[in-house]
Amino acid sequence: MTAGHWLDSDGVDYRRLRGERLGRFQEAMRARGVAVCLLFHPANIRYVTGAAVMDVYCAGVSARYCVVAAAGEPVLFEYDLAIPYSAALVADVRAAGWWQFTGSRRERRVTQAVAAVSDVLRELGVAGEPVAVDRADALVLLALQQAGIRVTDAGPVCDAAREIKTPEEIRLLRLNGAVGDAMMADFAAAIRPGIREHELYAVLSEALLRRRGEVLFTRLVASGRNTNPWGAEAADRAVQEGDIVAVDTDAVGYQGYLIDFSRTFLCGDRPPAREQVELYRVAHDFLTVLREAVRPGISYAEYAATVAPALPRKYHRQRYPALVHGAGLEDEGPIINYPGQGDNPGGEFLRENMVLCLESYAGAVGGPFGVKLEDQILLTANGAEVLTRFPFDQRLLGR
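The structure presented is a predicted model; accordingly, all values stated were derived computationally and were not measured.

S.K.: Got a minute to help me understand the overall build of the protein chain in this structure?
M.R.: Along the backbone of the protein chain there are 11 helices and 17 strands. Along the longest, intermediate and shortest principal axes, the C-alpha atoms of the protein chain span 70 × 45 × 45 Å. Here the protein chain holds 399 residues, and the buried ones make up 55% of them. Across the protein chain, every contact between residues at least 6 apart in sequence was considered, and the portion connecting residues at least 24 apart equals 68%. Carbon and sulfur atoms make up 51% of the accessible area of the protein chain, which totals about 16600 Å². On the protein chain, the mean spot of the 44 positive side-chain charges and the mean spot of the 51 negative ones are 2 Å from each other.

Shown next, in the form of structure tokens:
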């Protein structure tokens, strides 16, 4: 369930947080001519209502959903056991339909659920309008169509609303930057010869949960040859003296906000090999270029063209899939790709109060290891404010 407070001094106005997020969402609806949205994705429900219930579970099961008109308060269809908790945050909470795992009753139950949504559309005065849906299972989409409801994509609304962070979101993201630094400190302190990757992953998870975070959504802990190419998840491999150990936090932190940064460490007391220092410096220098070039007003295309040449060609085959992605209640927009790797519209620009993750990976094809580094930053009028400040491995920097 959603926690109300972490510390008395956390400084976050939760009423303002909910109100400003809902206001941004409805402003994005009006700007795109969207009269009503039907939201199933947990992060979007949390964004407009402030209520979070079993978000990991609900990412795969349509147990709760929310109707949001372009003005007024949302109507939350809630998992029945959680109604008393969500009612403390949302004025209109109703029992959600349940059609998963019900065999031959599925069609009848989902038809009843859609009928209840149709009642809300009439109450809100938007019956007959297209309904923008973020995501839903096939049975729901078929039932909406059978009820005569025209379905459109809510993605452009959700993306536009969430890209720019409100003042209270920024407070939470700064708090989570400190949580991330503490997680990384615990992780780094646990690295020793003989510890296994899955044990290091457990250290990271425990460090998050102990600080009121919520969940790790990947298992990106790798050592030795498992670091090249990047993407191997924690296994039973024992870390050896002199190994490279890399981690990506990929955490849903306090009050649901993302903690997403990466560090790579050297295991043991042995001095690093020349090749390790060389590769680490490549990744570190590239991350520095990413950070120094980011600024409000630069187009995605110009930014990509400015920074991409800084990564030596020998590492292009296995470079990280994106240069930059946004961060909020999850990984989100904007996404900036390498030139030629994906679309970077010249008419889209980085803007103040975006929170961005800058991605750097260096590892040659067939190489014995790779180095993953990443920073999470707030884009201010003056450039990057780094939210995740845990230091880099000075030995691997050759210092």
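S.K.: What's the story with the sheet that holds strand β2 (residues 65-69) in this structure? I'm lost.
M.R.: Strands in a sheet are paired, the pairing made by backbone hydrogen bonds, and the direction either parallel or antiparallel. Strand order in the open sheet formed by six strands is β4-β3-β2-β1-β5-β6, and the pairing between neighbours is mixed. Whereas interior strands pair on both sides, the edge strands pair on one side only; in this sheet they are β4 (92-95) and β6 (151-153). Shown here is a sheet whose adjacent strand axes are inclined to one another by a mean of 25°, direction ignored. Bridging between strand β1 (residues 36-39) and β2 involves four bridges; their strand directions are antiparallel.

S.K.: Looking at this structure, I do not really get unusual backbone geometry. What am I missing?
M.R.: Among all residues except glycine, the phi angle is most often negative; among peptide bonds, the trans geometry is most common. With an omega of -5°, the peptide bond running from N228 to P229 counts as cis. By secondary structure assignment, the location of P229 is in the loop between β8 (221-223) and β9 (244-248). Residues G333 and P334 are joined by a peptide bond in cis, for which omega reads 5°. Along the chain, the position of P334 falls in strand β14 (residues 331-336). The backbone phi angle of M54 is positive, close to 50°, even though this residue is not glycine.

S.K.: Could you clarify how one ought to interpret the environment of L290 in this entry?
M.R.: Considering the arrangement of structural elements, one finds L290 in helix α10 (residues 274-293). The exposure class assigned to L290 is buried, which follows from its relative accessible area of 0%. In sequence terms L290 and Y303 are 13 residues apart; their C-alpha atoms lie 8.7 Å from each other.

S.K.: Please explain α10 as it appears in this structure.
M.R.: Because each turn of an α-helix spans 3.6 residues, side chains separated by three or four positions end up pointing in the same direction. The end-to-end C-alpha separation of α10 is 29 Å, in line with the 28 Å expected for 20 residues at 1.5 Å each. All buried positions along α10 are accounted for by Q276, V277, L279, Y280, V282, A283, H284, F286, L287, T288, L290 and A293. In the core, the buried residues of α10 are packed alongside β9, β12 (262-266), α11 (300-307), β15 (355-362) and β16 (371-380).

S.K.: How should the sheet that holds strand β11 (residues 258-259) be read in this particular structure?
M.R.: The antiparallel open sheet is built from three strands, whose spatial order is β7-β10-β11. Both edges of this open sheet fall to β7 (215-216) and β11, since each of them pairs with a single strand only. Looking at chain direction, strand β10 (residues 251-252) and β11 are connected through two bridges and run antiparallel. Of the residues in β11, the one forming a bridge with A251 is I259.

S.K.: Mind showing me how you'd approach the nonpolar core here?
M.R.: Side chains of a nonpolar character, in soluble globular proteins, are inclined to be buried together. Counting 40 residues, the largest nonpolar core has F25, M29, C37, L39, V48, V68 and L172 as its most contacted members. Per-element accounting of this core gives the leading share, six residues, to helix α1 (residues 14-31). Leave out the neighbours within four places in its chain, and V48 touches L22, F25, L39, C66, V68 and P74.

S.K.: Is there a simple way to think about the side chain of D243 in this case?
M.R.: Within the fold, D243 resides in the loop between β8 and β9. In this structure the side chain of D243 is engaged in a polar contact, spanning 2.8 Å, whose partner is the side chain of R237. If near-sequence neighbours (up to four positions away) are discounted, D243 is found in contact with S223, G224, R237, A238, F265, L266, C267 and Q276.

S.K.: Explain a nonpolar patch on the surface to me, please; I cannot follow it from the model alone.
M.R.: Taken together, the side chains of M54, Y57 and F101 present a nonpolar region at the surface, about 320 Å² in accessible area. You can see M54 is positioned in the loop between α2 (42-49) and α3 (55-58). Judged by its relative accessible area of 34%, M54 falls in the partly exposed class.

S.K.: Got a minute to help me understand the pattern of salt bridges in this structure?
M.R.: Here the idea is simple: oppositely charged side chains can pair when their charged atoms come close. For the structure on display, the rule yields 29 salt bridges. Between R94 and E123 there is a salt bridge whose closest N-O contact spans 2.7 Å. Of the two residues, R94 sits in strand β4 while E123 sits in helix α5 (residues 106-123), which places them 29 residues apart along the sequence. Residue classification places R94 among the partly exposed residues on the basis of a relative accessible area of 23%. Salt bridges here are not isolated pairs; linked through shared partners, they connect R46, D55, R64, E78 and E214.

Basis of the calculations
- Throughout, residues of each chain are indexed from 1 in the direction in which the sequence is written.
- Note on the predicted model: pLDDT of at least 70 is required for a residue's local features to be given, and 80 or more for side-chain atom pairs to be given and counted; whole-chain, interface and lining totals, by contrast, use all residues.
- To get the side-chain values, take all heavy atoms of the structure and skip hydrogens and water.
- Under the scheme used here, helices are H or I runs from DSSP no shorter than 4 residues and strands are E runs no shorter than 2 residues, and both carry numbers assigned from the N terminus.
- Summary of the burial criterion: residues with accessible area below 20% of their type's maximum are buried, those above 50% are exposed, and those between are partly exposed, where the area comes from a 1.4 Å probe applied to protein chains only.
- Working rule for contacts: check all heavy atoms of both residues, and any pair within 4.5 Å makes them a contact.
- Areas reported as accessible are Shrake-Rupley estimates using a 1.4 Å probe. Residue values count occlusion only from the protein chains shown.
- A positive count includes Lys and Arg, and a negative count includes Asp and Glu. His and the chain ends are not counted in either.
- Each charge is placed at NZ for Lys, CZ for Arg, CG for Asp and CD for Glu.
- Two strands qualify as a pair provided that DSSP identifies no fewer than 2 bridges between them.
- With axes taken as lines fitted to C-alpha atoms, and helix axes fitted only over the stretch in contact, angles between N-to-C directions fall between 0 and 180 degrees.
- The span you would expect from a helix comes to 1.5 Å times its residue count less one.
- Only buried residues count toward a nonpolar core. Its members are Ala, Val, Leu, Ile, Met, Phe, Trp, Tyr and Cys residues joined through side-chain atoms within 4.5 Å.
- Under this definition, polar contacts are N or O atom pairs within 3.5 Å; protein pairs additionally need one hydrogen-donor-capable and one acceptor-capable atom, and for neighbouring residues in sequence, both atoms have to be side-chain atoms.
- Within this analysis, patches are made of residues with over 30% relative accessible area and no salt bridge. Like charges are joined at 9 Å or less; nonpolar side chains (Val, Leu, Ile, Met, Phe, Trp, Tyr) at 5 Å or less.
- Each reported salt bridge corresponds to a side-chain nitrogen of Lys or Arg within 4 Å of a carboxyl oxygen of Asp or Glu.

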